Amino acid sequence: MVSSLGVWLAMFANRAIIVRLAGAEALGLYQMVFPAYRLIATIVTIGLPTVLTTLVADYISRGTAEEAERIRRIAAAVIFVLSIGASILLWSLRDWLAAHFFADSRVSTALIFMPLALIFSCEAAVLQAYYHGRNNMKPFAVSQGVEQVVRIGLTMVLLSKFQTAPLQAAAAMAASAAAEIAGFAALVLFRRTEADAAVATSSIKTATAPLLRNMIALSLPLMFSGFVGSALHMANVVLVPRRLFQCGYSMGQATKAMGELFGMAQPIVFFPQVLVYPAASALLPLISAAGGNPSKEADLAKKLRKAYRGAVGLGIVSLVLLYIGGPQIAQALYGTAVAGKYIKMLALALPCAFTGVISIAILNGLRKNTTVLLVTFLDAVVETGLLYALTQPRFGGLNGTVAATLAGWIFFASVAGVAAYMEYRKVFYSPARAAAALRSSHQVVAANPRP
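Below is a short write-up of the structure. Keep in mind it's a predicted model, so treat the numbers as computed, not measured. (Residues numbered from 1 in each chain as written. Predicted model: local features only at pLDDT ≥ 70, side-chain atom pairs only at ≥ 80, totals over all residues. Heavy atoms only, no water.)

Observations regarding the environment of valine 375
Thinking step 1. Relative to the assigned elements, valine 375 resides in helix α16 (residues 369-390).
Thinking step 2. Take valine 375: its relative accessible area is 6%, and that puts it in the buried class.
Thinking step 3. Each C-alpha atom, one on valine 375 and one on alanine 413, is 9.7 Å from the other, the two residues being 38 residues apart in sequence. (Helix = DSSP H or I, 4+ residues; strand = E, 2+ residues; numbered from the N terminus. Buried < 20%, exposed > 50% of the residue type's maximum accessible area, 1.4 Å probe, protein only.)

The following block contains the structure:
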């Protein structure tokens, strides 16, 4: 939780620096590019880091550290090849993407630095997953600290060198690329200094090809789940400026509005959610251990009710605080209160929205990855449709975007809650199914698709 809180605080600091030194328009351009970077990274890693964590933990528990090291190398090699190919393609198509996909040629300069960031961030994800599987979170915490310090420091230095929004957005992306390199370097340093970095491989018997096929079979559903969430975010940042342009906004005004809503207001609104994740993570082993044990099932039911009540309570408290103090918080962070009205509007969904984290955790604990994927996909379709339908002049342009975003969050939390309830009843009210479901696969935890 401390590490997650630190990352969120660093994210706020970086956004605040961009707004204070460059303005909302530069942040809006950066917001257009960065989701595309995350989307491509999701595709390139194909879900392997999450599977790697599970398999490494399994091999370590069985005393076969050499196999854990071997699958790390296999995952690193596969992801390296994919990231190189994606980087070359991205570099070659950056001008076309800027003009036709983003419909804003000003992002072309920022896209120059994305391939460099992509290669190192994807390789860093492999090492982070490996250490997570070994239950050693120190390398991850240190690498994240190094990454955020480099990102914030370089952002401050580089933004002061340029005056136009496109170049300032490119400077912010360059700082992010340098930060990814620094974070990866910190992880590599851990690998070189630890005593067990070199492991024997003479006893390995499992063939590489079947092992790789098994890893990919486990990883692809997770990749699709992450892809849907990332694609939703990417679709939003591409769709909304186009719709605002049709509402009479200039491209500069549309980009600035994007920065104010999604770059400034939304992160503040969802900051309290960092307190929900520890509770959601704590539910996973409880759900796994409860199958077929009536006393544990009763205890789990109490804890789930408590988790939902806590999420709703946190949402209500956050709503009150943000509705009252949203403009003041924006002023303190960004030096302008312009995002305050959007903070007050978006906060209305929080009592419902935070419960979605708990519902997704329940589905993950029950190994219902397909259900998570379906919920995420349905939400993506509905929210994108709402953004298209409501971002128009008769709904107030950007006010319609806010309404669509609110409705999307509430829809997601509601559908996830219904799905979690139904799957929970199927498993825990059918002992035979419970035993089969909870023993059938490795514990694989998909990331929460919402922001």
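Considering a positive patch on the surface
Thinking step 1. There is a patch of like positive charges on the surface, built from Lys302, Arg305, Lys306 and Arg309.
Thinking step 2. Relative to the elements of secondary structure, lysine 306 occurs in helix α12 (residues 294-334).
Thinking step 3. Looking at lysine 306, the relative accessible area reads 60%, which means it is exposed. (Patch = residues over 30% accessible without salt bridge, like charges linked within 9 Å, V, L, I, M, F, W, Y side chains within 5 Å. Areas by Shrake-Rupley, 256 points an atom, 1.4 Å probe, with all protein chains shown as cover. Salt bridge = Lys/Arg side-chain N within 4 Å of Asp/Glu carboxyl O. Lys, Arg positive; Asp, Glu negative; His and termini not counted. Charge placed at Lys NZ, Arg CZ, Asp CG, Glu CD.)

A word on the nonpolar core
Thinking step 1. Residues Phe102 and Met173 are the most contacted members of the largest nonpolar core, which totals 131 residues.
Thinking step 2. When residues in this core are grouped by element, the largest group, 13 residues, is from helix α2 (residues 24-45).
Thinking step 3. With near-sequence residues (within four places) excluded, methionine 173 lies in contact with Tyr30, Val33, Phe34, Tyr37, Ala110, Phe113, Met114 and Ala117. (Core = buried A, V, L, I, M, F, W, Y, C linked by side-chain atoms within 4.5 Å. Contact = heavy atoms within 4.5 Å.)

Structural notes on helix α3 (residues 48-61)
Thinking step 1. Along its 14 residues, α3 runs 20 Å from first to last C-alpha, staying within 8% of the 20 Å computed at 1.5 Å per residue.
Thinking step 2. Taken together, the buried positions of α3 are occupied by Leu48, Pro49, Val51, Leu52, Thr53, Thr54, Leu55, Val56 and Tyr59.
Thinking step 3. Within two residues after α3, glycine 63 carries a phi angle of roughly 80°, on the positive side. (Expected span 1.5 Å × (residues − 1).)

Observations regarding the side chain of serine 121
Thinking step 1. Counting through the fold element by element, serine 121 comes out in helix α6 (residues 114-133).
Thinking step 2. Polar side-chain contacts of serine 121 include one of 3.2 Å to the backbone oxygen of leucine 118.
Thinking step 3. Excluding residues that lie within four positions of it along the chain, serine 121 makes contacts with Tyr37 and Glu180. (Polar contact = N/O pair within 3.5 Å; in protein donor to acceptor, adjacent residues only side chain to side chain.)

Quick word on the environment of leucine 284
Thinking step 1. Looking at the element boundaries, leucine 284 is found in helix α11 (residues 276-290).
Thinking step 2. Between the alpha carbons of leucine 284 and alanine 361 there is a distance of 6.7 Å; along the sequence they are 77 residues apart.

Some thoughts on the pattern of salt bridges
Thinking step 1. With the rule as written, the count across this model stands at 10 salt bridges.
Thinking step 2. Of the charged contacts in the structure, one is a salt bridge between arginine 72 and glutamate 69, with a shortest N-O distance of 2.8 Å. Separated by three residues within a single helix, arginine 72 and glutamate 69 lie in helix α4 (residues 65-101), roughly one turn from each other. For the pair formed by arginine 72 and glutamate 69, the shared burial category is buried.
Thinking step 3. Here glutamate 423 and lysine 368 are joined by a salt bridge, their closest N and O atoms 3.8 Å apart.

Topic: the packing of α2 against α4
Thinking step 1. Two elements in contact, α2 and α4, have axes separated by 9 Å at closest approach and are oriented at 140°. Handedness of the crossing formed by α2 with α4: right-handed. Where α2 approaches α4, its residues Ile40, Val44 and Thr45 are matched on the opposing element by Ile79, Leu82, Ser83, Ala86 and Leu90.
Thinking step 2. Residues of the contact of α2 with α4, tallied by class, amount to six nonpolar, two polar and no charged. (Axes fitted to C-alpha atoms, helices over the stretch in contact; angles between N-to-C directions. Left-handed = near helix turned anticlockwise from the far one by under 90°. Nonpolar A, V, L, I, M, F, W, Y, C, P; charged D, E, K, R; others polar.)

Quick look at the packing of aromatic side chains
Any two aromatic rings considered together are summarised by their centre-to-centre distance and by the angle between their planes.
Thinking step 1. For the coordinates displayed, the defined rule picks out seven aromatic pairs.
Thinking step 2. Between phenylalanine 101 and phenylalanine 102, the aromatic rings sit 5.2 Å apart at their centres with planes inclined by 85°, giving edge-to-face as the arrangement.
Thinking step 3. By relative accessible area, phenylalanine 101 is classed as partly exposed at 36%.
Thinking step 4. On the numbers, 5.6 Å between centres and 70° between planes, the contact of tyrosine 130 with tyrosine 131 is edge-to-face. There is no split in this pair, since tyrosine 130 and tyrosine 131 are both buried.
Thinking step 5. Through a chain of ring-to-ring contacts, the aromatic side chains of Tyr30, Phe34 and Tyr37 assemble into a single cluster.
Thinking step 6. Cation over ring: arginine 94 sits above tryptophan 91, and NZ or CZ is 4.1 Å from the ring centre.
Thinking step 7. Between arginine 243 and the ring centre of tyrosine 388, over which it is positioned, the NZ or CZ distance is 4.0 Å. (Phe/Tyr/Trp six-rings, centres within 6.5 Å; stacked < 30°, edge-to-face > 60°. Lys NZ or Arg CZ within 6 Å of the ring centre and 35° of its normal.)

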